[in-house]
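Per-entry structural report
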Amino acid sequence: MNFSFYLPTRILFGKDCVAGNKEELGRLGTRVLIVTGKRSGRESGALQDISNALDSLGLKYEVFDKVENNPSLRTVEEGGRAARRMGADLIVGIGGGSPLDASKAVAVLGTNEMDPMELYKNVYPHKPLPVVAIPTTAGTGSEVTPYVILTRDDLETKMSFGNRDLFPVLAFMDPRYTQSMPWDVTVDTAVDALSHAMEGYLSKASTPASDMLAMEAISLFGRCLPDLEAGHVEGETREQLLYAAMLGGMVISHTGTTIVHGMGYNLTYFKGFSHGRANGVLMAEYLRFNRGHAAEKVDRLLRVMGLRDIEEFDCRMRKLLPADIHLEDGEISKYASITMKQKSTSRNPRPVTADDIAGILTGISRR
Ligand code: NAP
Ligand code: ZN
């Protein structure tokens, strides 16, 4: 065995964890910028809970609620300006992966006045502000990862950056905040969490410790799958999905993702698929492609999910995520070429060529 494991985020998981631990916020800062989206912070109840906590501690705060899905460089630049203007010393991100990722970028720009393209250098003159992350979706695990994924119009895709200083210092994880998610967001984000666990498990960078976390996340997804298929997810399942998503985040913090994410970014950028759905429609083909190189692991993850084989997985994912995908040859070759440039492609268990990616994309087209 030869691996490292680093996860500096303090996690407070459970109902009412914000109100019950509000003094933690007082230890971290005095001037807080809350970074969220238009709906997620408010509809989940998390923004109210945090505002109550900050008010009762007498801490000054402002709300930056302009984060859109798949955030842009422009938005985080504006958030960074807001943080510098108010002299923020703490960022609280509330939302799904989009606001949480944006909050990490704002944390860098809050102490470093620079062109947002320089975020991709991953080395910053001044240490980023500390980030407290409050997820309102159960999917990305961004609350325990150092990654930020922003839309890069210059490259026509999404691209990640991140370094150790971007792990949130604290994550408040209250499953109640995920209750208000629209149904499609519930399903798509659950599938994203599965994708992190599966890709991390199969990644060339997987470790014994990340595999253990991945197995647990995959098993939990399998247990929640019937409820997702039935279109009905109650309290305990919400809790399990949030926990599984957190485990998935811990996995990719160590392993990164592989070609599912790299390919999926194209479906988001060019076709408007949500992040989780983009991954979900690719997963069965991905397993078929990799099985020759990682049969034992592929079979084991299917077994742990409670499924017979890839065919059953494919069939159930198609029902869970109905999608009519039609890709022209020109689109397929363009997406393949873009995917080949993603770092994550090199971690795929089976070595990949642009033709391989094109083959997988052809396989999901005209479903
Ligand atoms: P999201 O883009 O954050 O949110 C999707 C939609 O759901 C938004 O409209 C959002 O509203 C709404 N929403 C979220 N929570 C809600 C709630 N509790 N109640 C009502 N509405 C709610 O979705 P996501 O799938 O969680 O995040 C995807 C992003 O994360 C992508 O950019 C992806 O690349 C990134 N990602 C990051 C990592 C990482 O490690 N950092 C890993 C995987 C993916 P608002 O617009 O108001 O927020
Ligand atoms: Zn993801």
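Heads up: the structure comes first, above all this text.
Described in the following lines is the structure provided in the data block. (Residues numbered from 1 in each chain as written. Chains lettered and ligands numbered in written order. Predicted model: local features only at pLDDT ≥ 70, side-chain atom pairs only at ≥ 80, totals over all residues. Heavy atoms only, no water.)

Moving on: the packing of aromatic side chains. In this description, a pair of aromatic rings is defined by centroid distance and the angle of the planes. For the structure on display, the rule yields five aromatic pairs. Plain terms: the ring middles of phenylalanine 13 and tyrosine 243 are 6.2 Å apart, the flat faces sit at 90° to each other, and that makes the pair edge-to-face. Residue phenylalanine 13 is located in strand S1 (residues 10-13), and its partner tyrosine 243 is located in helix H9 (residues 235-255); the two are separated by 230 residues in the primary sequence. Under the relative-accessibility criterion, phenylalanine 13 is labelled partly exposed at 32%. Between tyrosine 120 and phenylalanine 161, the aromatic rings sit 5.0 Å apart at their centres with planes inclined by 70°, giving edge-to-face as the arrangement. Taken together, the residues span a long stretch of sequence, with tyrosine 120 in the loop between helix H6 (97-109) and strand S5 (131-135) and phenylalanine 161 in strand S7 (residues 157-161) at a distance of 41 residues. Accessibility assignment for this pair places tyrosine 120 and phenylalanine 161 in one class, buried. Clustering of aromatic rings is evident, with ring pairs tying together Tyr269, Phe270 and Tyr335. It is arginine 152 that lies over the ring of tyrosine 120; its NZ or CZ is 4.4 Å from the centre. (Phe/Tyr/Trp six-rings, centres within 6.5 Å; stacked < 30°, edge-to-face > 60°. Helix = DSSP H or I, 4+ residues; strand = E, 2+ residues; numbered from the N terminus. Buried < 20%, exposed > 50% of the residue type's maximum accessible area, 1.4 Å probe, protein only. Lys NZ or Arg CZ within 6 Å of the ring centre and 35° of its normal.)

Turning our attention to helix H5 (residues 73-86). Over its 14 residues, H5 runs 20 Å from end to end, which matches the ideal 20 Å to within 8%, given 1.5 Å per residue. The secondary structure elements touched by the buried residues of H5 are strand S2 (31-36), strand S3 (60-64), strand S4 (90-95), H6 and strand S6 (148-152). Glycine 87 sits one or two residues past H5 and shows a positive phi near 65°. (Expected span 1.5 Å × (residues − 1). Contact = heavy atoms within 4.5 Å.)

Below, the discussion takes up the pairing of S6. Counting buried residues along S6, four of its five residues qualify, which places the element largely inside the surrounding structure. As judged from the five bridges shared by S6 and S7, these two strands associate in the antiparallel manner. Looking across to S7, one finds that leucine 150 is bridged to methionine 159. Two successive antiparallel strands, S6 and S7, enclose a turn made up of four residues, where glutamate 156 displays a positive phi of approximately 50°. (Pairing = 2+ DSSP bridges.)

Another aspect to go through is the site of ligand 1. Neighbouring ligand 1 are 32 residues; Arg39, Ser40, Ser98, Asp101 and Thr137 lie closest to it. Within the side chain of threonine 137, an N or O atom sits 2.7 Å from an oxygen atom of ligand 1. Contact between ligand 1 and threonine 145: an oxygen atom at 2.9 Å from a side-chain N or O atom of the residue. About the coverage of ligand 1: the protein hides 93% of its 930 Å² of free accessible area. (Near = heavy atom within 4 Å. Polar contact = N/O pair within 3.5 Å; in protein donor to acceptor, adjacent residues only side chain to side chain. Areas by Shrake-Rupley, 256 points an atom, 1.4 Å probe, with all protein chains shown as cover.)

So, on to a nonpolar patch on the surface. A grouping of Met1, Phe3 and Phe5 is seen on the molecular surface, where their side chains present a nonpolar patch of about 380 Å² in accessible area. The residue phenylalanine 5 is located in the segment before S1 in this model. Look at phenylalanine 5 and you get partly exposed, because its relative accessible area is 39%. (Patch = residues over 30% accessible without salt bridge, like charges linked within 9 Å, V, L, I, M, F, W, Y side chains within 5 Å. Salt bridge = Lys/Arg side-chain N within 4 Å of Asp/Glu carboxyl O.)

Ordered by their spatial adjacency, six strands build an open sheet running S1-S8-S5-S4-S2-S3, and the pairing between neighbours is parallel. Each of the sheet's edge strands pairs with one partner strand only, and the pair in question is S1 and S3. Averaged over all adjacent pairs, the angle separating strand axes in this sheet is 20°, with direction ignored. The pairing of S4 with S5 spans five bridges and is parallel. Bridge assignment links isoleucine 91 to a residue of S5, and that residue is valine 131. Against the sheet, H6 makes contact with S2, S4 and S5, and its axis sits at roughly 165° relative to S4, the strand it touches most. Taken strand by strand, H9 contacts S1, S5 and strand S8 (170-173), and its axis lies near 170° from that of S1. (Axes fitted to C-alpha atoms, helices over the stretch in contact; angles between N-to-C directions.)

With respect to the helices, strands and loops of the structure, phenylalanine 167 is situated in the loop between S7 and S8. Phenylalanine 167 sits in the buried class, given a relative accessible area of 7%. Between the alpha carbons of phenylalanine 167 and arginine 10 there is a distance of 9.9 Å; along the sequence they are 157 residues apart. Not counting the four nearest positions on each side in its chain, phenylalanine 167 is found in contact with Tyr6, Leu7, Pro8, Thr9, Val144, Thr145, Pro146 and Ser253.

Okay, the coordination of the zinc ion (ligand 2) next. Every protein donor of the zinc ion (ligand 2) is accounted for by Asp192 (OD), His196 (NE2), His261 (NE2) and His275 (NE2), and the metal-donor separations fall at 2.1 to 2.2 Å. Coordination geometry of the zinc ion (ligand 2): the four donor atoms subtend angles of 87 to 168° at the metal centre, consistent with an arrangement described as irregular. Between the donor residues of the zinc ion (ligand 2), the gaps in sequence give the motif D-x3-H-x64-H-x13-H. Taken together, the residues span a long stretch of sequence, with histidine 196 in helix H7 (residues 183-202) and histidine 261 in helix H10 (residues 259-271) at a distance of 65 residues. Across the pair, histidine 261 and histidine 196 agree in class, each one buried. (Donors = N, O, S within 2.8 Å, 3.2 Å for Na, K, Ca; no water. Tetrahedral: all angles 85-135°; square planar, octahedral: opposite > 155°, others 65-115°.)

A separate point is the pattern of salt bridges. Summed over the entire model, instances satisfying the criterion amount to 27 salt bridges. Between glutamate 285 and arginine 288 there is a salt bridge whose closest N-O contact spans 2.8 Å. Within this pair, glutamate 285 and its partner arginine 288 are both found in helix H12 (residues 283-291), separated by three residues, close to a single helical turn. Three or more residues joined by partner-sharing salt bridges are found here, namely Lys15, Asp16, Asp49, Asp174 and Arg176.

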